[in-house]
Amino acid sequence: MGTAPAIPTGIEMTARELGQLPRGRARFELVAGELLIMEPGFAEHGIIAIEAGGVLRNHVRERDLGIAFGAETGFLLTQAPGTVRAPDAAFVSHATAARAGKVKGYWPGRPGAGCTLVLVLQPETRTATAFRHATPPTIHGAGETIDCGDAVPCLRPRVAELFP
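Parameters and conventions
Residues numbered from 1 in each chain as written. Predicted model: local features only at pLDDT ≥ 70, side-chain atom pairs only at ≥ 80, totals over all residues. Heavy atoms only, no water. Helix = DSSP H or I, 4+ residues; strand = E, 2+ residues; numbered from the N terminus. Contact = heavy atoms within 4.5 Å. Pairing = 2+ DSSP bridges. Polar contact = N/O pair within 3.5 Å; in protein donor to acceptor, adjacent residues only side chain to side chain. Axes fitted to C-alpha atoms, helices over the stretch in contact; angles between N-to-C directions. Core = buried A, V, L, I, M, F, W, Y, C linked by side-chain atoms within 4.5 Å. Buried < 20%, exposed > 50% of the residue type's maximum accessible area, 1.4 Å probe, protein only.

Observations concerning the environment of Leu-56
With respect to the element layout, Leu-56 can be found in helix α2 (residues 43-63). Contacts of Leu-56, omitting those with residues within four sequence positions, involve Ala-68, Ala-89, Ala-90, Phe-91, Val-152 and Leu-155.

Shown next, in the form of structure tokens:
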């Protein structure tokens, strides 16, 4: 979505150590114990992230399905080696949130029911690629809808809604 790639640093650390880094100077993610520096997204990335995140948030709120998260929220995917990723938008059901309780720090685990769906938006082609566990990715054009019901109940946005 018009963002610069992550920069591997070669620095190994734990999720706990990542959480202790100073805030506000740079954005980081942790993948398999390696610290990645995340450059700021370009303007187009921010515009698309708010559009797609807004579709998710509105859907979740209108149906009282759970919690919608905005960009930069860290999700602790694995402890050892540590992996903390920060998607542009995410969803956690009420049931999953209740099991987690009050969370301080990174969200413990994957968003959604085992993170059944990841959408990657391509502004150049105005397409969305859906990645699901154990199935090949599918590409959807601007005029198509994406059935996201396996991850977010009843969510079927038109791809065009996800772009400004």
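Considering the pairing of strand β3 (residues 34-38)
Where strand β1 (residues 7-12) lies against β3, three bridges are found, and the strand directions are antiparallel. When the sheet's bridge partners are listed, Glu-12 is paired in β3 with Glu-34. Two strands pair when backbone bridges link them, and strand β2 (residues 27-31) and β3 are joined in this way by five bridges, in the antiparallel orientation. Counted as the bridge partner of Val-31 is Glu-34 from β3. With antiparallel pairing between neighbouring strands as the criterion, β2 and β3 make up a hairpin whose turn holds two residues, including Ala-32 at a positive phi of roughly 50°.

Some thoughts on the side chain of His-140
With respect to the secondary-structure elements, His-140 resides in strand β11 (residues 138-140). Only 3.1 Å separates the side chain of His-140 from the side chain of Thr-138, close enough to count as a polar contact. Setting aside anything within four residues of it in sequence, one finds His-140 in contact with Arg-126, Thr-127, Ala-128, Ala-130, Thr-145, Ile-146 and Val-159.

Topic: the sheet that holds strand β9 (residues 117-122)
Think of a sheet as strands paired side by side through backbone hydrogen bonds, with each pair either parallel or antiparallel. In spatial order, the strands read β9-β10-β11; together these three strands make up an open sheet with antiparallel pairing. Looking at strand neighbours, the two that pair on one side only are β9 and β11, the edges of this open sheet. Neighbour to neighbour, the strand axes of the sheet diverge by 25° on average, direction disregarded.

Thoughts on the nonpolar core
Leu-121, Val-152 and Leu-162 are the most contacted members of the largest nonpolar core, which totals 19 residues. When residues of this core are traced back to their parent elements, those giving at least two are α2, β9 and β10 (127-132). When residues of this core are assigned to their parent elements, the largest contribution, five residues, is made by α2. One finds Met-13, Leu-18, Leu-30 and Leu-35 within the second-largest nonpolar core, a separate group that totals seven residues.

Note that every value here comes from positions in space, so none of it alone points to a role or purpose.
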